[in-house]
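Structural features, examined
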Amino acid sequence: MTCLAVEAEESSEITWTDLRSDEYPQDAFTRLSQQQLSDLGYIARVRRLVALDKLNADGSDAKKVVGIEQRLKHDGIDIDYLLSLRGQVRRLREHRGSATASSMNGSLVRLKGFVVPLQMQGDRVTEFFLVPDFDACKHTPLPAPNQTVFVRTRNGIPKLDGSSLVLVTGRIDAKRTTRTIRGDDGPVTAIAAYMITPSELEVVTVSKQPARRSDMPRQSRAEADSTRVRSDIRVIQ
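Residues numbered from 1 in each chain as written. Predicted model: local features only at pLDDT ≥ 70, side-chain atom pairs only at ≥ 80, totals over all residues. Heavy atoms only, no water.

Moving on, we get to the packing of aromatic side chains. One pass over the full model with this rule turns up one aromatic pair. Their ring planes at 75° and their centres at 6.2 Å tell us that Phe129 and Phe150 sit as a pair that is edge-to-face. Linking Phe129 in strand 3 (residues 124-131) with Phe150 in strand 4 (residues 149-158), this pair joins segments that are 21 residues apart in sequence. As far as burial versus exposure is concerned, Phe129 and Phe150 are alike and both buried. It is Lys64 that lies over the ring of Tyr42; its NZ or CZ is 4.7 Å from the centre. (Phe/Tyr/Trp six-rings, centres within 6.5 Å; stacked < 30°, edge-to-face > 60°. Helix = DSSP H or I, 4+ residues; strand = E, 2+ residues; numbered from the N terminus. Buried < 20%, exposed > 50% of the residue type's maximum accessible area, 1.4 Å probe, protein only. Lys NZ or Arg CZ within 6 Å of the ring centre and 35° of its normal.)

Below, the structure is given as structure tokens:
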């Protein structure tokens, strides 16, 4: 591998968490486990269908809800209170997902992520979204805007498979970019709250099935893979 340029100004490596704004507090749902969130969603769906007379109030689904409610109440969860907050929390999360970290503006950074190609020139990707998880833009819901970064390159990079990360070095700015991408369910609109003007892009290969202990904190795939990388290609822009 040949390094073709050296940054005059030292860049700092950031994580995807750094791109989130502290402007909005955490909501009550963030303290729940994934199973508890799933249970609340099931209760809400069944209650709505029963209210619309699309489900029998004495049917199997309604009886299942009774058991779930007892389990959640045993865990100290106020079901009715949380369900009453759903609309408010949804709006809060939409705002929080779009809010950017002002401290990032104009900084020279290094950020590792996966590539969602937007524009090709021959066999090279010249525009792409950088995202924290390789399947993030194939399925809904899409990554939050502040967890999506738009990158436009001069020289492009080779089209990559799902096992490759890109370490992008460049200036980051809070600049909104909207593109239509192809997901598993058809075309969807994706929004990036940031843009990086790259000076260097380094392609690294990682294990497709990285080890993860059950007691590790939740993190993006890009961050989890950070210790299992091998540098393959470096492109100076």
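Turning our eyes to something else, we now look at the confidence of the model for the protein chain. Note: predicted coordinates in regions of low pLDDT should not be interpreted at a detailed level. Per-residue confidence for the protein chain averages 81 on the pLDDT scale, and 76% of its residues sit at or above 70. Taking the mean pLDDT of every element in the protein chain, the minimum, 50, falls on strand 9 (residues 229-236) and the maximum, 95, on helix 2 (residues 60-74). Residue range residues 207-218 is modelled with pLDDT below 50. Its contacts to residues more than four positions away, or to other chains, number 13 contacts. (pLDDT = per-residue confidence, 0-100. Contact = heavy atoms within 4.5 Å.)

We now examine the environment of Thr169. Structurally, Thr169 is set in strand 5 (residues 164-173). Note on Thr169: relative accessible area 5%, which makes it buried. Along the chain, Thr169 and Val109 lie 60 residues apart, while their C-alpha atoms are 5.7 Å from each other.

A cluster of basic residues, Arg45, Arg48, Lys54, Arg86, Arg90 and Arg91, forms a positive patch on the protein surface. Listing elements by their share of the positive patch, those giving two or more residues are helix 1 (34-51) and helix 4 (86-98). The biggest single contributor to the positive patch is helix 4, with three residues. Mapped onto the elements, Arg90 comes out in helix 4. Using a relative accessible area of 48% as the deciding quantity, one classes Arg90 as partly exposed. (Patch = residues over 30% accessible without salt bridge, like charges linked within 9 Å, V, L, I, M, F, W, Y side chains within 5 Å. Areas by Shrake-Rupley, 256 points an atom, 1.4 Å probe, with all protein chains shown as cover. Salt bridge = Lys/Arg side-chain N within 4 Å of Asp/Glu carboxyl O. Lys, Arg positive; Asp, Glu negative; His and termini not counted. Charge placed at Lys NZ, Arg CZ, Asp CG, Glu CD.)

It is worth spelling out the side chain of Glu69 at this point. Along the chain, the position of Glu69 falls in helix 2. Classification of Glu69 as buried rests on a relative accessible area of 15%. Polar contacts involving the side chain of Glu69 include one to the side chain of Arg47, which spans 2.9 Å. (Polar contact = N/O pair within 3.5 Å; in protein donor to acceptor, adjacent residues only side chain to side chain.)

Okay, the nonpolar core next. In terms of nonpolar packing, the biggest core is built from 22 residues, with Leu19, Phe128, Leu130 and Val149 touching the most fellow members. Secondary-structure elements contributing two or more residues to this core are strand 2 (107-121), strand 3, strand 4, strand 5 and strand 8 (194-206). Looking at this core element by element, the count peaks at four residues for strand 8. With sequence-adjacent residues up to four places away left out, Leu130 is seen in contact with Trp16, Leu111, Gly113, Phe114, Gln147, Thr148, Val149, Val151, Val166 and Val168. Judged by nonpolar contacts, the second largest core, of 17 residues, contains Ala28, Tyr42, Leu83 and Val89. (Core = buried A, V, L, I, M, F, W, Y, C linked by side-chain atoms within 4.5 Å.)

Here helix 1 contains 18 residues, and its C-alpha end-to-end distance of 26 Å stays within 8% of the 26 Å for a straight helix at 1.5 Å per residue. The first or second residue beyond helix 1 is Asp53, which carries a positive phi of 60°. (Expected span 1.5 Å × (residues − 1).)

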